[in-house]
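# Understanding the architecture of this molecule
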Amino acid sequence: MTGNGKEIKNKYEVVVIGGGIGGLIAATILARNGLSVAVLEKNSYPGGVLSSFEKDGCIFDNFGTYIYGAGFAEPVNFLRQALSVIDVNPELLPVEPPMEVFTPDKSFTLLRDRKEFLRELNEYFPSFRRELSEFYSELEELYEILLEIPYYKPMGRFSVLKTAIFHPHLSEKLILNSFNTLNSLYKRYGFSEELKSIFNNIVAHFTLLRSYEVPAFISAYLLIGLHREGLYYTRGTNAYLVKEIVKAAQAAGVSIFTDSNVREIFVSNNYARGVILSNDRVIHADRVISNTTSYRTFTKLIDRKYLSDNVRHSYDVIENADSFFYLYLKTDKKALRHIKSPNILYIPRLSETYDKSDIVRIFIPSMIDNSLVRGKSHHCLIISTPQDVLGWKDRTHTEKKKEAMTEKILNGLNNIIPGIREASSVIKCNSPLEIEEITGREDGTFGRKMDFRQGLYNRGGNKTALENLYLAGDSTFPGQGIAMAAYSGKLCAELIIRERGKKLPI
Ligand SMILES: Cc1cc2nc3c(=O)[nH]c(=O)nc-3n(C[C@H](O)[C@H](O)[C@H](O)COP(=O)(O)OP(=O)(O)OC[C@H]3O[C@@H](n4cnc5c(N)ncnc54)[C@H](O)[C@@H]3O)c2cc1C
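Of the regular secondary structure elements, the chain holds 18 helices and 18 strands. Taken along the three principal axes of its C-alpha coordinates, the chain extends 65 × 55 × 40 Å. Scored against the burial criterion, the 506 residues of the chain give a buried share of 61%. Taking all contacts inside the chain whose residues are at least 6 apart in sequence as the whole, residues at least 24 apart take part in 72%. Of the accessible surface of the chain, which amounts to about 20100 Å², a share of 50% is contributed by carbon and sulfur atoms. Counting 64 positive and 59 negative side-chain charges, the chain places the centres of these two groups 3 Å from one another.

Put into structure tokens, the structure is as follows:
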């Protein structure tokens with residue numbers, strides 16, 4: 001167990017379970033405000049979803065690839081805001097153009113210039129020219145509302161009302177649209193099944209949610225954000241972004257202990273008092289922040305007897321979510337000559353949901369940062385496809401299943417990248433089982449579904465039902481991305497600082 005060469009102490013003011021981006025940012029802000037903070041990370045390295053590996057002259061991100069919410073538009077540039085509080089300033093490179101989409105018979109590029117993109121789409125769907133333009137105008141309006149909301153936190157129904165009362169010019173639009181989903185937007189425009197399927201799969205490519213689960217505001221954030229703010233990637237991999245945050249954390253005095261698995265949160269009289277490590281060591285803390293998902297925190301780290309019936313029930317009925325199968329390839333550049341964007345979405349079947357469409361995402365980080373491959377002749381490809389985790393739970397024949405999945409992906413991709421099999425060497429693959437092992441997320445998912453609409457509502461926020469227990473990470477903040485996980489760490493630290501009677505800004 002290491003912690004900048006320090007020995008782990010018996011007591012801290014704050015203990016953070018997990019060294020993902022959310023936990024590390026919360027820890028850094030708190031330490032900079034004078035608190036003694038320890039981060040306990042089960043792996044031998046921090047980063048969680050944002051970790052990387054090197055093999056055969058290529059550096060690959062394990063999981064997290066493109067970053068949205070990292071542009072410049074205040075206040076929705078969540079990543080830049082969170083990093084600026086701790087003076088971390090990584091080089092964020094634009095993913096340019098942000099996306100290229102292949103369907104069975106069409107391909108188009110999501111250019112930053114929205115007019116150009118719409119022109120391309122209009123060529124394929126001339127009968128929806130007016131509807132497409134109106135759909136985008138409506139999304140743009142929603143995006144503008146988001147830009148006007150003065151501060152962000154997960155919004156329950158009451159906080160939507162409160163925001164509307166304090167900002168009357170937003171009230172009508174905010175209230176009316178807060179209960180809409182992407183699906184309800186479609187109803188106004190009478191889009192064809194094909195067109196809906198394209199938008200559904202673009203949004204699912206970010207969220208793994210279905211159109212009736214995605215709030216209209218989140219759809220606007222993603223679909224308009226692609227053009228207005230774009231997508232980003234950290235020079236040197238997103239794990240490098242974590243390295244920079246770790247440096248800031250250590251400079252602020254945070255002790256980061258790796259290989260330190262928390263087995264249980266130690267609770268008495270409805271107060272979190274500390275944690276118990278796998279080796280039975282008890283570490284006391286005035287406050288505990290869990291950076292693992294809220295589901296895992298409340299179902300695996302806390303004895304059920306400490307939970308109220310309500311809390312127990314809310315986690316018992318929580319919906320399953322999907323995970324991914326990841327395939328990492330080293331591919332000859334010549335086979336990728338026709339590829340325009342480092343971020344590809346392949347929709348082999350135009351069907352309403354991503355599972356029936358069998359979507360495949362390809363991210364090519366070396367097209368953005370060529371230092372990630374040794375030599376100039378290859379690219380590294382991070383390929384992922386959604387998976388129903390039930391298929392992986394029975395751990396028999398896992399290797400055979402991985403081989404079959406690899407074959408299926410390569411066969412499918414041959415339609416858009418002819419000769420990909422011959423041009424590539426398979427570096428490795430990760431099933432939901434390995435994603436769970438590395439990140440500690442149940443079934444390797446984005447986080448189970450808190451509610452059928454995970455958007456502005458019912459993402460739990462940082463405060464929990466137990467006193468002194470807080471959550472930081474993507475299961476607490478709408479939008480479920482890297483930027484949102486980072487921002488949730490900022491909100492969590494600010495909440496604790498406020499509760500201790502100090503003033504913000506910090
Ligand atoms: C497979 C996958 C791919 C994703 N891809 C993207 C993407 O491309 N773009 C994007 O914007 N978002 C993506 N996300 C969404 C995700 O929100 C972000 O990637 C974000 O990095 C998550 O950060 P986090 O702080 O919430 O937690 P995590 O990165 O999950 O970190 C949690 C940490 O806690 C540790 N931990 C867990 N349990 C314990 C324990 N009991 N004791 C000690 N330590 C523990 C874990 O080892 C891990 O290091 C992806 C998510 C997943 C699951």
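From this point on, the discussion continues.
Turning next to the packing of aromatic side chains. Two numbers describe a pair of aromatic rings. These are the distance of the centres and the angle of the planes. Counted by the stated rule, this structure contains 31 aromatic pairs. Ring geometry for Tyr136 versus Phe199: centroids 6.0 Å apart, planes at 55°, classification tilted. Of this pair, Tyr136 sits in helix α4 (residues 129–148) while Phe199 is found in helix α8 (residues 193–207), placing the two residues 63 residues apart along the sequence. Looking at Tyr136, the relative accessible area reads 1%, which means it is buried. Ring centres of Tyr295 and Tyr315 lie 6.4 Å apart, and the angle between their planes is 50°; on these two criteria the pair is classed as tilted. Within this pair, whereas Tyr295 is found in helix α11 (residues 294–300), its partner Tyr315 is found in helix α12 (residues 309–316), the two being separated by 20 residues in sequence. Residue class for Tyr295 comes out buried when judged on its relative accessible area of 11%. Among the aromatic residues, those joined into a cluster by ring pairs are Phe108, Phe117, Tyr124, Phe128, Phe135, Tyr136, Tyr186, Tyr189, Phe191 and Phe199.

Let's shift gears to the domain arrangement of the chain. The domain architecture assigned to the chain consists of domain 1 (11–50 + 238–319 + 448–499), domain 2 (54–62 + 320–439) and domain 3 (92–98 + 107–232). Just the C-alpha atoms count here: the centres of domain 1 and domain 3 sit 30 Å apart.

With 92% of its residues at a pLDDT of 70 or more, the chain has an overall mean of 91. Note that residues 452–457 has pLDDT below 50 and, in this model, 33 contacts with residues that lie over four places away or in other chains.

Time to look at the layout of surface pockets. The computed volume of the largest pocket comes to approximately 900 Å³. In this structure, the largest pocket is lined by 50 residues; those nearest its centre are Gly48, Val49, Thr439, Arg441 and Asp474. Residues belonging to the lining of the largest pocket are distributed by class as follows: 18 nonpolar, 22 polar and 10 charged. Two domains share the lining of the largest pocket, each providing at least three of its residues, namely domain 1 (11–50 + 238–319 + 448–499) and domain 2 (54–62 + 320–439).

Look at helix α15 (residues 398–413): 22 Å from first C-alpha to last across 16 residues, which is about the 22 Å you get at 1.5 Å a residue. Those residues of α15 that fall on the buried side of the exposure criterion are Thr398, Lys402, Met405, Thr406, Ile409, Leu410 and Leu413. One side of α15 holds all its buried residues, which, seen down the axis, span an arc of 130°. Looking at α15, the residues exposed on the side facing more than 90 degrees away from the buried face are Lys400 and Glu403.

With that settled, the discussion passes to the pairing of strand β4 (residues 58–61). Bridge count between strand β3 (residues 52–55) and β4: four bridges; the pairing is antiparallel. Bridging across to β4, Ser52 finds its partner in Asp61. Connecting β3 to the antiparallel partner β4 that follows it, the hairpin turn spans two residues, and Asp56 within it adopts a positive phi of roughly 55°.

Bringing empty space enclosed by the protein into the picture now. Taken as a whole and assessed by the stated rule, the structure comprises six cavities of 30 Å³ or more. Of the volumes computed, that of the second largest cavity is approximately 100 Å³. Taken together, 16 residues make up the lining of the second largest cavity; nearest its centre are Tyr68, Gly69, Tyr221, Gly225 and Glu229. Take the lining of the second largest cavity: its biggest share by element is four residues, from helix α9 (residues 216–228). Here the lining of the second largest cavity is built from residues that sort into 10 nonpolar, five polar and one charged.

Attention shifts here to the sheet that holds strand β13 (residues 323–332). To summarise the sheet geometry, strands pair through backbone hydrogen bonds and adopt either a parallel or an antiparallel arrangement. Taken together, the seven strands give an open sheet; going across it, the order is β7-β6-β14-β15-β16-β13-β17, and neighbouring strands pair in mixed fashion. Each edge of the open sheet is held by one strand with a lone partner, namely β7 (107–110) and β17 (424–430). For this sheet, the mean angle separating the axes of adjacent strands, direction not counted, is 20°. Bridging between strand β6 (residues 99–102) and β7 involves four bridges; their strand directions are antiparallel. The residue of β7 that forms the bridge with Met99 is Leu110.

Our next topic: the nonpolar core. Counting 119 residues, the largest nonpolar core has Ile21, Leu79, Phe135, Phe199, Ile202 and Ile289 as its most contacted members. If you look at the next biggest cluster of nonpolar residues, it comprises 27 residues, including Ile8, Val267, Ala272 and Ala285.

In the region of the ligand, 38 residues are neighbours, and Glu41, Thr65, Tyr66, Asp474 and Ile482 sit closest. Backbone polar atom of Thr65 to an oxygen atom of the ligand: 2.8 Å apart, as the coordinates give it. Here an oxygen atom of the ligand and a side-chain polar atom of Asn291 are 3.0 Å apart. Most atoms of the ligand, that is more than half of them, are within 2 Å of grid points of the largest pocket. Contributions of two or more residues to the shell around the ligand are made by α1 (21–32), α17 (432–439) and α18 (482–499).

How each quantity is defined
Residues numbered from 1 in each chain as written. Predicted model: local features only at pLDDT ≥ 70, side-chain atom pairs only at ≥ 80, totals over all residues. Heavy atoms only, no water. Helix = DSSP H or I, 4+ residues; strand = E, 2+ residues; numbered from the N terminus. Buried < 20%, exposed > 50% of the residue type's maximum accessible area, 1.4 Å probe, protein only. Contact = heavy atoms within 4.5 Å. Areas by Shrake-Rupley, 256 points an atom, 1.4 Å probe, with all protein chains shown as cover. Lys, Arg positive; Asp, Glu negative; His and termini not counted. Charge placed at Lys NZ, Arg CZ, Asp CG, Glu CD. Phe/Tyr/Trp six-rings, centres within 6.5 Å; stacked < 30°, edge-to-face > 60°. Domains from an automatic or database assignment. pLDDT = per-residue confidence, 0-100. 1 Å grid on protein atoms, 1.4 Å probe; cavity = no way out; pocket = protein on both sides within 12 Å on 5 of 7 lines; lining within 4 Å. Points joined across faces, edges and corners; volume = space filled by probe spheres on them. Nonpolar A, V, L, I, M, F, W, Y, C, P; charged D, E, K, R; others polar. Expected span 1.5 Å × (residues − 1). Arc of directions from axis to C-beta. Pairing = 2+ DSSP bridges. Axes fitted to C-alpha atoms, helices over the stretch in contact; angles between N-to-C directions. Core = buried A, V, L, I, M, F, W, Y, C linked by side-chain atoms within 4.5 Å. Near = heavy atom within 4 Å. Polar contact = N/O pair within 3.5 Å; in protein donor to acceptor, adjacent residues only side chain to side chain. Sits in = over half its atoms within 2 Å of the grid points.

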